[in-house]
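Examination of the molecular architecture
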Amino acid sequence: MKRIPADCPACGGRLEVTRMACRACDTGIEGRFELPPLARLPVDDQDFILQFVKASGSLKEMARLLHLSYPTVRNRLNDIIDRCGSLETEAPDREEPAHD
Amino acid sequence: MTDRPVTASKPPRKTALLWFLNPFTFVAGGTALIIGLAAILVVALIGAVSNTHFDGLLDIHTGAPAPAWLFVAEGLIDWLSLSLALAVLGIIVARSRFRIVDLLGTQALARWPGLLVVTLLLISPLRNAFNKLVASVLKSSTSGAPSGIGAADVLVLGVVSLAVLLAVIWTVILMYHSYAVSCGVKGARAIVSFIVGLIAAEILSKFVLYRIVVHFGLLAAEA
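Structural notes, computed from the coordinates.

What counts and how
- Residues numbered from 1 in each chain as written.
- Chains lettered and ligands numbered in written order.
- Predicted model: local features only at pLDDT ≥ 70, side-chain atom pairs only at ≥ 80, totals over all residues.
- Heavy atoms only, no water.
- Helix = DSSP H or I, 4+ residues; strand = E, 2+ residues; numbered from the N terminus.
- Buried < 20%, exposed > 50% of the residue type's maximum accessible area, 1.4 Å probe, protein only.
- Contact = heavy atoms within 4.5 Å.
- Areas by Shrake-Rupley, 256 points an atom, 1.4 Å probe, with all protein chains shown as cover.
- Salt bridge = Lys/Arg side-chain N within 4 Å of Asp/Glu carboxyl O.
- Pairing = 2+ DSSP bridges.
- Core = buried A, V, L, I, M, F, W, Y, C linked by side-chain atoms within 4.5 Å.
- Polar contact = N/O pair within 3.5 Å; in protein donor to acceptor, adjacent residues only side chain to side chain.
- 1 Å grid on protein atoms, 1.4 Å probe; cavity = no way out; pocket = protein on both sides within 12 Å on 5 of 7 lines; lining within 4 Å.
- Points joined across faces, edges and corners; volume = space filled by probe spheres on them.
- Nonpolar A, V, L, I, M, F, W, Y, C, P; charged D, E, K, R; others polar.
- Buried area = accessible area lost by both parts, 1.4 Å probe.

Take the overall build of chain B next. Per the secondary structure count, chain B includes nine helices and two strands. Ordered by position in the sequence, the α and β elements of chain B form the string α-α-β-β-α-α-α-α-α-α-α. A buried classification covers 43% of the 223 residues belonging to chain B. Considering only contacts in chain B between residues 6 or more positions apart, those separated by 24 or more positions represent 73%. In the structure as shown, chain B presents an accessible area of about 11,300 Å², 75% of it carried by carbon and sulfur atoms.

Put into structure tokens, the structure is as follows:
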């Protein structure tokens, strides 16, 4: 399966999911679905987070698995935390509908 | 995401260059500390044979014979001075907490190019020629008399000086990467704070070593 692109290859703007389909019956749902911050991270960062969770959040274990030093892995995690922070504080492209 | 294997473990590109200029991407903590301390000890012991003093953070020169412990003390004081200065600066500028063992270990390991210098100066004919040439140039510059050195002498002086200079530059690059990786700092903030730390450590190491040689009456060895 293809990876979800987070940014527009033409203008660099943020992409949204506009159509989803059921794998079983092929029912389609159309709308504008916001990608969660984790899905908007670069693929390498997503892989790192997945491996980090699998390693029970142990940086030492991550360092052993990746054959990197502990501070290198910790710095990589800090970079991802910064990127997540930026994505969360990013202004939305359009106004959210009111939920009354 | 589940349709392909996780690839976070792929090795960084340009691995050989990283091992050369920033081995701390791969080695830090206790392992680096053990290897680094061993390197400092070996450098000191070979330096004791070739009378190569590291009497300051970035100072290398051949001098008078001295007890072996002085050479070991020089290496340890140089290492601890910079580690202390960078630890303080790291606490101030780093965005997150860091492990002191990473800084101590990688700083110790960053001093290993000194091994190449002491080994080079261990070659007796080369060391003697180098010392003679330096003395001759110094005497000539103070008395105004011709130094009497030929083209071959200049070549020896040039090659040894260049090798020492390259080793010092390499050491400084390693020291910087040790600081940047261990404390998680980068950019202008890392460069400026590192330079401040380098200057502070140079002054501190010179002061401590001067106090030691004066206390033990070894001033001639350091001269």
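Attention shifts here to the pattern of salt bridges. Residue and element names in this part refer to chain A. Summed over all chains, the structure comprises 14 salt bridges over all chains. Residue R76 is joined to D45 by a salt bridge in which the shortest nitrogen-to-oxygen separation is 3.3 Å. Taken together, the positions of R76 in helix α3 (residues 70-89) and D45 in helix α1 (residues 43-54) put the pair 31 residues apart, joining distant regions of the chain. Look at D45 and you get buried, because its relative accessible area is 2%. The partner of D45 in a salt bridge is R83, and the shortest N-O contact between them spans 2.7 Å.

This part takes up unusual backbone geometry. All names here are of chain A. Of note in the backbone geometry, S56 takes a positive phi value of approximately 60 degrees without being a glycine. Inspection of the secondary structure assignment puts S56 in the loop between α1 and α2 (59-66). In this structure, H67 takes a positive phi of about 60 degrees despite not being glycine. Relative to the helices and strands, H67 resides in the loop between α2 and α3. Overall, H67 belongs to the exposed group, its relative accessible area being 61%.

Here we come to the pairing of strand β1 (residues 17-21) of chain A. Residues and elements named next belong to chain A. In terms of strand pairing, β1 meets strand β2 (residues 28-33) through four bridges, oriented antiparallel. Bridged to V17 within β2 is F33. Here β1 hands over to β2 after six residues, with D26 in that stretch at a positive phi of 70 degrees.

Turning to its location among the elements, B:F26 is positioned in the loop between α1 (15-21) and α2 (29-50). For B:F26, a relative accessible area of 14% gives the class buried.

Another point: the nonpolar core. The biggest cluster of nonpolar side chains holds 45 residues, and the ones touching the most others in it are A:V73 and B:Y179. Contributing elements (two or more residues each) for this core: α1, α2 and α3 of chain A together with α3 (68-93), α4 (100-109), α7 (151-183) and α8 (187-215) of chain B. Ranked by residue count, the leading element in this core is α7(B), at eight residues.

Our focus in this paragraph is the side chain of B:T52. Residue and element names in this part refer to chain B. One can find T52 in strand β1 (residues 52-53). Overall, T52 belongs to the buried group, its relative accessible area being 1%. Reaching out from T52, the side chain makes a polar contact with the side chain of S50 at a distance of 2.7 Å. For T52, the contacting residues outside a window of four places in its chain are G47, I60, H61, T62, F71, V118 and L121.

What follows concerns empty space enclosed by the protein. Residue and element names in this part refer to chain B. For the structure on display, the rule yields two cavities of 30 Å³ or more. Computed from the structure, the largest cavity encloses a volume of approximately 200 Å³. Lining of the largest cavity is provided by 20 residues; of these, V43, F54, I60, R111 and G114 occupy positions nearest its centre. Of all the secondary-structure elements, those providing two or more residues to the lining of the largest cavity are α2, α3, α5 (114-122) and α7. Along the lines of polarity and charge, the residues of the lining of the largest cavity split into 13 nonpolar, four polar and three charged.

Moving on: the interface of chain A and chain B. On the side of chain B, 26 residues touch chain A, which itself brings 24 residues to the contact. Of the roughly 1,900 Å² buried at the junction of chain A and chain B (both faces included), carbon and sulfur atoms supply 48%. Three residues stand out in chain A for area buried against chain B, namely A:R3, A:D47 and A:R74, and they jointly supply 21% of the buried area on that side. Between the two partners, chain A and chain B, sit three salt bridges. Put simply, the parts of the chain that give the side of chain A that touches chain B at least two residues each are α1, α2 and α3 of chain A. Within the side of chain A that touches chain B, the residues separate by chemical class into nine nonpolar, seven polar and eight charged.

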